[in-house]
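Below are the chains, spelled out letter by letter.
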Amino acid sequence: MFVEGAYKPFGQLTSEDARKLAAGLRGLSGGGMEAKVMPVRTAWTELSSLLEGSQTTVADLDPETAARFAQRVWVVPPGGTLLP
C-alpha cells in the first residue's frame, strides 16, 4: 500500500495508515465512482477504528479478519485481478 510517499505491506498498516487511506478517497466522484469508492472508504475507516488505541497492525488481527479487510479494501481485487 502507498501511504505518505512510501510503500508498506498490508500487514504493517496501522490505524493511522488506514485513516489516511480512507481520507484519500474523500471527494472522489463522478462517472459512477461513488458506488465503487464508498464501500472501500468505509472499509478503510472501519479498519482504522478496529486498530485504534493500540500499536496493533493488520498482521496482528486474526487471519480471517485480515483477509476479509484485504478483500474489502481491494488489496485482494474483486475477481482476483484488476489487470485486463
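Described below are features of the structure shown in this document. (Residues numbered from 1 in each chain as written. Predicted model: local features only at pLDDT ≥ 70, side-chain atom pairs only at ≥ 80, totals over all residues. Heavy atoms only, no water.)

**Let's talk about the overall build of the protein chain**
What counts here: Helix numbering and strand numbering both begin at the N terminus, where a helix is a DSSP run of H or I of at least 4 residues and a strand a DSSP run of E of at least 2. When a residue's accessible area, from a 1.4 Å probe over protein chains only, is under 20% of the maximum for its type it is buried; when over 50% it is exposed; and in between it is partly exposed. Contacts are assigned to residue pairs with any non-hydrogen atoms lying within 4.5 Å of each other. Areas reported as accessible are Shrake-Rupley estimates using a 1.4 Å probe. Residue values count occlusion only from the protein chains shown.
Counting its secondary structure elements, the protein chain contains 3 helices and 2 strands. Reading the protein chain from its N terminus to its C terminus gives the helix and strand order β-β-α-α-α. By the burial criterion, 30% of the 84 residues in the protein chain qualify as buried. A separation of at least 24 residues holds for 53% of the contacts in the protein chain among residues at least 6 apart in sequence. Counting every atom, the protein chain has about 5,400 Å² of accessible surface; 58% of that belongs to carbon and sulfur.

**Quick look at the environment of Met38**
Checked against the element boundaries, Met38 lands in helix 2 (residues 33-51). Given a relative accessible area of 45%, Met38 falls into the partly exposed group.

**A word on the environment of Ser15**
In this structure, Ser15 sits in helix 1 (residues 15-24). Not counting the four nearest positions on each side in its chain, Ser15 is found in contact with Ser48, Leu51, Glu52 and Thr56.

**Brief notes about the nonpolar core**
Most often, soluble globular proteins have nonpolar side chains that are buried together. For clarity, the threshold we go by: Take the buried Ala, Val, Leu, Ile, Met, Phe, Trp, Tyr and Cys residues and link them wherever side-chain atoms come within 4.5 Å; each set so joined is a nonpolar core.
Formed by 19 residues in total, the largest nonpolar core has its most connected members in Phe10, Leu13, Trp44, Leu47, Val58 and Leu61. Ranked by residues supplied to this core, first place goes to helix 2 with 6 residues. Beyond its immediate stretch of four places on either side in the chain, Trp44 contacts Met1, Phe10, Leu13, Ala18, Leu21, Ala22, Leu25 and Val73.

**A word on helix 3 (residues 63-72)**
Selection rule: The arc refers to the directions leading from the helix axis to the C-beta atoms.
All of the buried residues along helix 3 are Thr65, Ala66, Phe69 and Ala70. Seen along its axis, helix 3 keeps its buried residues to an arc of 140°; they face one direction. Away from its buried face, by an angle of more than 90 degrees, helix 3 presents the exposed residues Pro63, Glu64 and Gln71. Just downstream of helix 3 lies Trp74, where phi reads positive at about 70°.

**Details of the pattern of salt bridges**
Rules: Each reported salt bridge corresponds to a side-chain nitrogen of Lys or Arg within 4 Å of a carboxyl oxygen of Asp or Glu.
Inspection of the entire model under this criterion finds 5 salt bridges. Here Lys20 makes a salt bridge to Glu4, at a shortest N to O gap of 3.0 Å. Of the two residues, Lys20 is situated in helix 1 and Glu4 in the loop between strand 1 (2-3) and strand 2 (6-7); the sequence distance between them amounts to 16 residues. Its salt-bridge partner being Lys20, residue Glu16 comes within 3.8 Å of it at the nearest N-O pair.

**Some words on helix 1**
Of the residues making up helix 1, those classed as buried are Ser15, Asp17, Ala18, Leu21 and Ala22. Looking straight down helix 1, one finds its buried side chains confined to an arc of 160°; they lie on one side.

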